[in-house]
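Residues per chain are reported as follows:
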Amino acid sequence: MSNKIQTLSGYIHEYQKSVLQPEEFWGRIAESFHWKKHWDSVMEWDFEKPDVKWFVNGKVNITENILDRHLFTIGDRKAIIWEANEPGEATVELTYRELYEKVCQFSNAMKANGVGKGDRVIIYMPMVPEAAIAMLACARIGAIHSVVFAGFSATSLADRINDCQAKMVLTSDGNFRGSKAIPVKAVVDDALKSCTTVEKVIVLKRTGTDVSMKSGLDMWWHDAIEGQALSCPAEVMDSEDVLYILYTSGSTGKPKGVVHTVGGYMVYTYYTFLNVFQYTAGDVFWCTADVGWVTGHSYIVYGPLLAGATTLMFEGVPTYPKPNRFWQIIDKYKVNQFYTAPTAIRALQAYGLDIIEPFDLSSLKVIGSVGEPINEEAWHWYHSHIGKGNCPLVDTWWQTETGGIMISAIAGITPTKPAFASLPLPGIQPIIVDAEGKELKGNNVEGNLCIKFPWPSMLRTTWGDHERCRQTYFSTYKGMYFTGDGAKRDHDGYIRILGRVDDVINVSGHRMGTAEIENAINEHPKVIESAVVGYPHDVKGQGIYAYVICDMEGRTEANLKDEIRLTVANIIGPIAKPDKIQIVPGLPKTRSGKIMRRILRKVASNDLGNMGDTSTLLDPDVVQAIIETADTAS
Ligand code: WTA
């Protein structure tokens, strides 16, 4: 029986089956893969501990299901098409057979350099095919990859290397992004000054930027693969062995390492890719994310390749050399499914329709959105001008922690509604709860979004700190996974995601913890205290607004703000730089010292009408002072 849902009644049937008989449902899908040893039971779970296992005692290697399994059927099909940052640079195309060989060759290179099963490998690379090859090579030999977005600073990189005690770092000399060449190897050098576990750094030559190569530590990629065999046995992995760690921001402390395991992640990313995008053999799929984020993991690399699809990777940015680049690439490769973030849509919308016009977008069958709520205006623009009114637009809600798409339309099969993620995929049991955790049944309800039953690709733990995982996701509401998002179910039973209800903000689809940004700001020697909130931003979705108490001696406001931005860029990365900084005499605090963020959010959103009850504040006058100097420019 096909794993692809074909009709609305098929969806309803599959959904019901997945709830009533989850083990049969997922067991059947998992049977489509090659297992080295069959599982004993489909699942075991306990959301209290939490302890979740899928395909218990099954043995498998995900790369055998991506590569070996496809060799004799679709070995000549393109697995990866790569478009460079510069439009003039030649396309790279790798068939499944070529990808198999390159992955095996690099697996052997890693083994020859001392990496084996269970070792952690950091991937800090540009969007080039070698990034995907590196991920798959890790998976082949059982090493655990942790991809770090190459825009993060040396400090952020070092934190991640140290947290997972990585043995190897894979990087490049530099990255091309738009008109810039970013010297990433230098960032790695800097990070390694505070790391002791890394034994080898393998460096891909990409930009030709001068780099320092330390003997015994640094090695060129082309030297590492020299003479390595083009086949490599796939390590036998338990279904619950770790596939990767991906660091993501939360409302407190440093980013945590979300852990995904092999078997369940494999089954779920494949199933959701196939269904949500209604992939058909021969389609060219393009997800514009970076492999540094979960979307790049699940829907550039694992999901599409497990399904035998052709996945397009793009090195550059949508506005270089001109803001028509996305549309030009869709035309050039006759892309069939296009998956991007609302922030990109909003940014490109501003350039008008003339720049789209010269391109033939008629190959598109499905368009998708991910990473943040898509507002109705952007939804309609995307649907009419890119999808030309006849491509289903799938608004896919999910998270790093969920591993794969959870709530989304199934393209062309289930109905869509602007700004609504819509309905849960088979196997997903979302519920909306009130503050006490009581389920809000029926329609027309609004509250916090939880998931009450396990799904195969859910996170298993946070690396090195299981208690943090339990506390963050499984303790707010007993017996449920708490997403951190607010949601409403409308009169038709469709789900709309309302955004984060915790201290996480979503800037251009990038998740950031306000506490993390505050900690970075506080590193500036002139900063006494800070508070960061999100505010609505036309293009980015949310912008970063920082309230800062400073010692102004010897500084002007302008240069201090510049220095603070630079401090944040150095500590986290340029993506975390505040959009607005307001120097304030004090912060609105309760008598117990808690900052009243509600007030700060209102001021940042230029919603100055009713500040609500401020009587519990230690110093109510501070609110007026903040309002008077608020940065209300849009
Ligand atoms: C938000 C990205 C509304 C949400 C895959 C979630 C969305 C966070 C959507 C996860 C969507 C993601 N509609 N909001 N379609 N998709 N989000 O971990 O707040 O980078 O909790 O995963 O992005 O971000 P993450």
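Residues numbered from 1 in each chain as written. Predicted model: local features only at pLDDT ≥ 70, side-chain atom pairs only at ≥ 80, totals over all residues. Heavy atoms only, no water.

1. Here's the deal with the overall build of the protein chain
Selection rule: Put simply, DSSP H or I for four residues or longer makes a helix, DSSP E for two residues or longer makes a strand, and each gets a number counted from the N terminus. Each radius of gyration is computed over the set of C-alpha atoms, and the globule rule expresses the reference value as 2.2 Å times the number of residues to the power 0.38. Per-residue accessibility, obtained with a 1.4 Å probe over protein chains only, is compared with the maximum for each type, and a residue is labelled buried under 20%, exposed over 50%, and partly exposed between these values. Throughout, a residue-residue contact means that at least one pair of heavy atoms, one from each residue, lies within 4.5 Å. Working definition of accessibility: Shrake-Rupley area with a 1.4 Å probe, residue cover restricted to the visible protein chains. Within this scheme the basic residues Lys and Arg register as positive and the acidic residues Asp and Glu register as negative, but His and the chain ends are omitted. Lys charges are placed at NZ, Arg charges at CZ, Asp charges at CG and Glu charges at CD.
A tally of helices and strands in the protein chain yields 18 helices and 30 strands. In terms of overall dimensions, the protein chain is globule-like: its C-alpha atoms have a radius of gyration of 24 Å, near the 26 Å expected for 634 residues. Along the first, second and third principal axes, the C-alpha set of the protein chain runs to 75 × 65 × 55 Å. Taking all 634 residues of the protein chain together, 61% fall into the buried category. Restricting to contacts in the protein chain with at least 6 residues of sequence separation, those with at least 24 account for 70%. Per element, the accessible surface of the protein chain, about 23,200 Å² overall, is 50% carbon and sulfur. Distance between charge centres in the protein chain, computed from 63 positive and 74 negative side chains, equals 2 Å.

2. A closer look at the sheet that holds strand 19 (residues 366-370)
Sheet strands pair via backbone hydrogen bonds, and the direction of the pair is either parallel or antiparallel. Using the following cut-off: Strand pairing follows a simple DSSP-based rule, namely that at least 2 bridges must link the two strands. Note on geometry: axes are C-alpha line fits, over the in-contact stretch for helices, and angles between N-to-C directions span 0 to 180 degrees.
Spatially, the 7 strands line up as an open sheet ordered 5-4-17-16-18-19-20, and their pairing is mixed. Strands at the two margins of the open sheet, each flanked by one partner only, are strand 5 (92-95) and strand 20 (393-396). Across the sheet, the mean angle separating the axes of adjacent strands is 20° when strand polarity is ignored. As paired strands, strand 19 and strand 20 are joined by 4 bridges and run parallel to one another. Paired with Ile367 across the bridge in strand 20 is Leu393.

3. Quick notes on the site of the ligand
Our working rule: When at least one non-hydrogen atom of a residue lies within 4 Å of a molecule or strand, that residue is treated as near it. Each polar contact in these results corresponds to two N or O atoms within 3.5 Å; when the atoms are within protein, one needs to be able to donate a hydrogen and the other to accept it, and residues that are neighboring in sequence are counted only if both atoms are side-chain atoms. By the convention adopted, Pro, Cys, Tyr, Trp, Phe, Met, Ile, Leu, Val and Ala count as nonpolar, Lys, Arg, Asp and Glu as charged, and the other residues, Gly among them, as polar.
Around the ligand, 17 residues are found, and the nearest of them are Asp395, Thr396, Thr400, Asp485 and Arg511. Residue Asp395 places a side-chain N or O atom 2.7 Å away from a nitrogen atom belonging to the ligand. One of the side-chain N or O atoms of Arg500 is found 2.8 Å from an oxygen atom in the ligand. Relative to its unbound accessible area of 520 Å², the ligand is 96% covered by the protein chains. Where the shell around the ligand is concerned, the elements lending two or more residues are helix 10 (294-306), strand 20 and strand 25 (495-500). Partitioned by chemical class, the residues of the shell around the ligand number 6 nonpolar, 6 polar and 5 charged.

4. Some thoughts on the packing of aromatic side chains
Each aromatic ring pair is described using two quantities: the centre-to-centre distance and the angle formed by the ring planes. What counts here: Between rings of Phe, Tyr and Trp, where Trp is taken as its six-membered ring, a pair exists when centres lie within 6.5 Å; planes separated by under 30 degrees are stacked, by over 60 edge-to-face, and by other angles tilted.
Going through the model one piece at a time under the given rule, you end up with 44 aromatic pairs. Ring plane angle 65° and centroid distance 5.2 Å describe the contact between Trp39 and Phe55, whose orientation is recorded as edge-to-face. Note that Trp39 is positioned in the loop between helix 2 (22-30) and strand 1 (41-46) and Phe55 in strand 2 (residues 51-56), a separation of 16 residues in sequence. Neither Trp39 nor Phe55 differs from the other in exposure class; each is buried. Where Trp327 meets Trp381, the ring centres are 6.5 Å apart and the plane angle is 55°; that geometry is what we call tilted. Linking Trp327 in helix 11 (residues 325-333) with Trp381 in helix 13 (residues 376-386), this pair joins segments that are 54 residues apart in sequence. Both residues of the pair, Trp327 and Trp381, count as buried.

5. Details of the domain arrangement of the protein chain
By convention, interface size is frequently given as the accessible area that disappears when the constituent parts associate. Selection rule: The source of the domain bounds is an automatic or database domain assignment. The term buried area denotes the loss of accessible surface (1.4 Å probe radius) that occurs when two parts are joined, taken as the sum for both partners. A pair is scored as a salt bridge if a Lys or Arg side-chain nitrogen falls within 4 Å of a carboxyl oxygen belonging to Asp or Glu.
For the protein chain, the domain assignment lists domain 1 (8-317 + 396-487) and domain 2 (508-632). Between the C-alpha centres of domain 1 and domain 2 there is a distance of 34 Å. Between domain 1 and domain 2, the residue contacts involve 17 residues of the former and 13 residues of the latter. Among the residues domain 1 hides against domain 2, the three largest losses belong to Ser153, Ser249 and Trp293. Together they make up 36% of the total. Run the count over domain 1 and domain 2 and you get 1 salt bridge.

6. Focus on the packing of helix 3 (residues 62-74) against helix 10
Counted only if it meets this: Every angle not falling under 35 degrees, over 145, or within 65 to 115 is termed oblique; those three ranges are roughly parallel, roughly antiparallel and roughly perpendicular. In this scheme the crossing of two helices becomes right-handed for a clockwise turn of the near helix relative to the far one and left-handed for an anticlockwise turn of less than a right angle.
In the contact formed by helix 3 and helix 10, the axes pass within 9 Å of each other and the chain directions differ by 55°. Judged on the interaxial angle alone, helix 10 and helix 3 are oblique. Between helix 3 and helix 10 lies a crossing whose hand is left-handed. Note on element contacts: helix 10 touches helix 3 through Tyr302, Leu305 and Leu306, opposite Ile62, Asn65, Ile66, Arg69 and His70. Among the residues forming the contact of helix 3 with helix 10, the class breakdown is 5 nonpolar, 2 polar and 1 charged.

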